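Here is what each chain is made of, one letter per residue.
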Amino acid sequence: MKDLVIFGAGGLGREMLFQMQEYNKHGGEYRILGFADDNLQGQQADDFPVLCGCDGLLARQSDTCVLLALGSPRARRAVYEKLCRNPHLSFPTVIAPGAVCSERVRFGKGCIVGFCASITVDITLGDFVLVSNGCNIGHDAQLDDFVTLYPGVHISGNVHLGAGCEMGVGSSIIQGLSVGEESIVGAGAAVVRNIPAHCTAVGVPAKPIRYHAKQI
């Protein structure tokens, strides 16, 4: 059994606790120790303790798997950049029971794939990509590091999502298009033309409504 700590004791963290409990029922190998969260140390989340924050994990001297259960790409990257200094910590990729992933999917480290997700063929996911429940990703898609797909996102074939971008709940993108790095596509939006980097795009069809400075 591998020791596991879930970083983030909010709603996504508690969902990941449930996912890992289900994973273990299907032959998984993780001993769930509890949560880590800088803001909730000493509290409980779904009957598991919030053991520590970043400093506590940095001080660990035993091999520990860490699951970054943070929806924000910026937050995931910031925590990883702190924790990667401890060689005893590792960041597994975890796939929920019932998710469908072909053997021709390449995963980076620290990815999370939720329940009922479908990831088909010749797809590349970078490090710390979050694919939430009920998402579909078509052939030949490329999702760069720290991309977040919120629940129910539909990605057509040959799509490129730049590093740190976010696709809102129920959004979609047609084949052959791209979303630039750190851009945010709003809930329910339909991307039918390329979306540039560092913007927020909403609507059907999705159009940029504001631009922002590079964050990560």
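Since we're looking at a predicted model, the values are computed, not measured. (Residues numbered from 1 in each chain as written. Predicted model: local features only at pLDDT ≥ 70, side-chain atom pairs only at ≥ 80, totals over all residues. Heavy atoms only, no water.)

1. Remarks on the pairing of strand S4 (residues 48-52)
For clarity, the threshold we go by: Between any two strands, at least two bridges found by DSSP are needed for them to pair. Counting from the N terminus, the helices are the DSSP runs of H or I reaching at least four residues and the strands are the DSSP runs of E reaching at least two.
Inspection of the sheet shows strand S2 (residues 30-36) paired to S4 by two bridges, in the parallel sense. Each bridged residue has a counterpart across the sheet, and for Ala36 the counterpart in S4 is Cys52. Relative to S4, strand S3 (residues 44-45) runs antiparallel, the two being bridged by two bridges. Residue pairing in the sheet places Gln44 in a bridge with Pro49 of S4.

2. Brief notes about the state of the cysteines
For clarity, the cut-off: In plain terms, two cysteine sulfur atoms within 2.5 Å form what is called a disulfide here. Buried means the residue's accessible area, taken with a 1.4 Å probe over protein chains only, is under 20% of the maximum for its type, while exposed means over 50%, and partly exposed covers the values in between.
All told, the structure shown has zero disulfides when counted by the stated rule. Not part of a disulfide, Cys111 finds its nearest cysteine sulfur in Cys101, a span of 10 Å. Since its relative accessible area comes to 0%, Cys111 is described here as buried. Here Cys199 is not cross-linked by a disulfide; its sulfur's nearest cysteine counterpart is in Cys165, at 10 Å.

3. Thoughts on the pattern of salt bridges
Test applied: In the sections that follow, a salt bridge refers to a side-chain nitrogen of Lys or Arg positioned within 4 Å of a carboxyl oxygen of Asp or Glu.
Following the criterion strictly, the structure yields five salt bridges and no others. Where Glu81 meets Arg77, a salt bridge forms, and the shortest distance between an N and an O atom there is 3.0 Å. In this pair, Glu81 and Arg77 are both assigned in helix H3 (residues 73-83), four residues apart and thus about one turn of the helix distant. Overall, the relative accessible area of 43% leaves Glu81 in the partly exposed class.

4. Digging into the sheet that holds strand S22 (residues 184-185)
Consider a sheet: its strands pair through backbone hydrogen bonds, and that pairing is either parallel or antiparallel. The strand order across the open sheet formed by eight strands is S7-S10-S13-S16-S19-S22-S24-S25, and the pairing between neighbours is mixed. Two strands in the sheet have a free side with no partner beyond their single neighbour: strand S7 (94-95) and strand S25 (207-211).

5. Overview of the packing of aromatic side chains
Under the convention used in this document: Note on aromatic pairs: the rings of Phe, Tyr and Trp (six-membered ring only in Trp) are paired at centre separations within 6.5 Å, and the planes decide the class, stacked below 30 degrees, edge-to-face beyond 60, tilted for the rest.
All chains considered together, the criterion is met by six aromatic pairs. Aromatic side chains Phe18 and Phe115 sit 5.4 Å apart centroid to centroid with 45° between the ring planes, which places their arrangement in the tilted category. Separated by 97 residues along the polypeptide, Phe18 in helix H1 (residues 11-25) and Phe115 in the loop between strand S10 (112-113) and strand S11 (118-119) bring together distant segments of the chain. Summarising the aromatic geometry, the rings of Phe128 and Phe146 are spaced 5.4 Å apart at their centres and angled 10° between planes, so their arrangement reads as stacked. Here Phe128, found in the loop between strand S12 (123-125) and strand S13 (130-131), pairs with Phe146, found in the loop between strand S15 (142-143) and strand S16 (148-149); they are 18 residues apart in sequence, far enough to count as distant. We classify Phe146 as buried; its relative accessible area is 6%.

6. Some points on the side chain of Thr200
Here Thr200 is to be found in strand S24 (residues 199-202). Its relative accessible area of 10% is what places Thr200 among the buried residues.

7. Considering unusual backbone geometry
Put simply, Val204 and Pro205 share a cis peptide bond, and its omega is 0°. Turning to its location among the elements, Pro205 is positioned in the loop between S24 and S25. Despite not being glycine, Asp140 has its phi angle at roughly 60°, a positive value. As for its placement among the helices and strands, Asp140 is situated in the loop between strand S14 (136-137) and S15. Note on Asp140: relative accessible area 39%, which makes it partly exposed. The phi torsion at Phe146 lies on the positive side, around 65°, for a residue other than glycine.

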